[in-house]
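Structural overview
The primary structure of each chain is shown beneath.
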Amino acid sequence: MKPTDKSLTVAFIGLGRMGSGMVKNIRKAGFPHVVYNRTAEKTAPFVAAGARAANTPREAAAAADILITSLLDDRSVLDMMTGSNRILDGLSRDTIHLGTTTISPNASTELAELHREHGSHYVAANVLGRPSSAEAGELAALVAGEPEAIERCRPVLETFTNMIVEVGERQANAARMKLIVNFFLSGVIEAMGEAYVFAEKHKLDTEIVRKLIVDQVLPNPALKEYAERVKNRRFDEAGATLSTATKDLQLILAEAGAVNAPLPIADLVRDHILTAMAHGQGDLDWCVSTEANRLAGALS
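Residues numbered from 1 in each chain as written. Predicted model: local features only at pLDDT ≥ 70, side-chain atom pairs only at ≥ 80, totals over all residues. Heavy atoms only, no water.

Moving on: the overall build of the protein chain. Check the secondary structure of the protein chain and you find 14 helices and eight strands. In terms of C-alpha radius of gyration, the protein chain reaches 20 Å, essentially the compact-globule figure of 19 Å for 300 residues. Across its three principal axes, the protein chain shows a C-alpha extent of roughly 70 × 45 × 35 Å. Going through the 300 residues of the protein chain one by one, you find that 52% of them count as buried. Long-range contacts, defined here as pairs at least 24 residues apart, represent 67% of the contacts in the protein chain between residues at least 6 apart. Surface accessibility of the protein chain: about 13900 Å² in total, with carbon and sulfur atoms responsible for 53%. (Helix = DSSP H or I, 4+ residues; strand = E, 2+ residues; numbered from the N terminus. Rg over C-alpha atoms; globule rule 2.2 N^0.38 Å. Buried < 20%, exposed > 50% of the residue type's maximum accessible area, 1.4 Å probe, protein only. Contact = heavy atoms within 4.5 Å. Areas by Shrake-Rupley, 256 points an atom, 1.4 Å probe, with all protein chains shown as cover.)

Written out as structure tokens, the structure is:
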């Protein structure tokens with residue numbers, strides 16, 4: 001007998017900027033949940049709010065009907081799967097692993113194969129949005145996997161999303177779709193930086209430029225925030241840091257290179273990110289890369 005929606009136990013691994021918001025919405029929806037984080041202190045506020053803490057990834061997996069990972073990169077996810085006290089040692093057959101981390105398509109395929117051999121299921125659920133969107137339950141999820149597995153975990157996905165976009169059964173395609181969106185976003189952020197410098201060089205009012213961007217061009221919450229950040233040069237309280245952006249740009253360029261698709265804007269954005277990294281700005285929000293335009297335009 002399949003469990004009813006609210007009887008699904010959710011195990012959540014990774015309580016960073018994105019994961020914390022997702023867990024809060026899972027709790028609000030009434031799902032019993034278990035949390036694990038490599039820095040154990042981060043679990044305390046969630047335990048105080050009603051979660052149970054697991055001591056290892058294996059223990060978290062053993063409690064799960066739905067296991068969600070929100071980690072940094074390929075290595076961090078695969079280490080959780082195959083390392084000491086690994087997820088696979090605790091995971092029951094037929095349990096679903098929802099992977100929300102931005103990883104390479106190859107890693108997504110590897111995860112799907114590990115689960116297939118184990119008898120469990122991997123659903124790629126690459127999410128779009130900033131930490132504020134996770135907190136508000138307004139992420140979009142690009143989902144790929146077996147249709148039945150997607151339907152079983154849909155009630156959990158719906159707790160932290162306002163849009164679920166199915167992109168087929170091949171898990172790698174969810175990762176590719178996320179890279180396409182991130183590529184487009186990186187180009188838009190780059191264009192913002194260039195537009196503000198263009199306006200400043202002609203002594204135009206950048207507040208008017210910002211309003212035109214926000215009200216006429218980009219009616220999108222995340223891009224509205226970037227328009228304000230780039231205009232006011234506000235790069236603290238990072239949603240995604242330059243270090244994260246470097247990883248994403250490398251994934252984007254690798255996938256484009258695999259099919260001989262030139263992405264000159266992605267090359268340019270990567271170079272600007274490397275410039276900012278060289279200036280010691282790796283922990284700032286990734287839109288600080290647009291400051292390279294100010295350097296090029298001889299603006300302080």
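Moving on: the pattern of salt bridges. What the rule picks out here adds up to 22 salt bridges. One salt bridge in this structure joins Glu-200 and Arg-294, with 2.7 Å as the shortest N-O distance. Of the two residues, Glu-200 sits in helix α9 (residues 171-201) while Arg-294 sits in helix α14 (residues 291-296), which places them 94 residues apart along the sequence. Residue Glu-200 is classed as partly exposed on the basis of its relative accessible area, which comes to 28%. Classification of Arg-294 as buried rests on a relative accessible area of 11%. One salt bridge in this structure joins Arg-270 and Asp-271, with 3.7 Å as the shortest N-O distance. Residue classification places Asp-271 among the partly exposed residues on the basis of a relative accessible area of 38%. Three or more residues joined by partner-sharing salt bridges are found here, namely Arg-130, Glu-225, Arg-229 and Asp-285. (Salt bridge = Lys/Arg side-chain N within 4 Å of Asp/Glu carboxyl O.)

Note: α-helices contain 3.6 residues per turn, so residues at a spacing of three or four share the same orientation. With twelve residues, helix α1 (residues 17-28) extends 18 Å from end C-alpha to end C-alpha; this agrees with the ideal 16 Å at 1.5 Å per step. If you check which residues of α1 are buried, you get Met-18, Gly-19, Ser-20, Gly-21, Met-22, Val-23, Asn-25 and Ile-26. Immediately downstream of α1, the backbone of Gly-30 shows phi near 95°, a positive value. (Expected span 1.5 Å × (residues − 1).)

This part takes up the packing of α9 against helix α10 (residues 206-217). One can describe the packing of α9 onto α10 by two numbers: an axis separation of 9 Å at closest approach and a directional angle of 145°. Pair α9 / α10 crosses with right-handed handedness. On the side of α9, the interface is formed by Met-192, Tyr-196, Ala-199 and Glu-200, while α10 contributes Thr-206, Val-209, Arg-210 and Ile-213. (Axes fitted to C-alpha atoms, helices over the stretch in contact; angles between N-to-C directions. Left-handed = near helix turned anticlockwise from the far one by under 90°.)

The next thing to look at is the side chain of Asn-37. Counting through the fold element by element, Asn-37 comes out in the loop between β2 (33-36) and α2 (44-48). We classify Asn-37 as buried; its relative accessible area is 12%. Within polar-contact distance, the side chain of Asn-37 engages the backbone nitrogen of Leu-15 at 2.8 Å. Polar side-chain contacts of Asn-37 include one of 3.1 Å to the backbone oxygen of Thr-39. Sequence-distant contacts of Asn-37, that is, excluding residues within four places in its chain, are made with Gly-14, Leu-15, Lys-42 and Thr-43. (Polar contact = N/O pair within 3.5 Å; in protein donor to acceptor, adjacent residues only side chain to side chain.)

Turning our eyes to something else, we now look at unusual backbone geometry. Here the phi dihedral of Asn-85 falls at roughly 50°; this positive angle occurs in a residue that is not glycine. Checked against the element boundaries, Asn-85 lands in the loop between α4 (74-82) and α5 (87-90). Judged by its relative accessible area of 36%, Asn-85 is partly exposed. For Lys-203, which is not glycine, the phi torsion reads 60° and is therefore positive. Looking at the secondary structure, you find Lys-203 in the loop between α9 and α10.

By themselves these figures say nothing about function.
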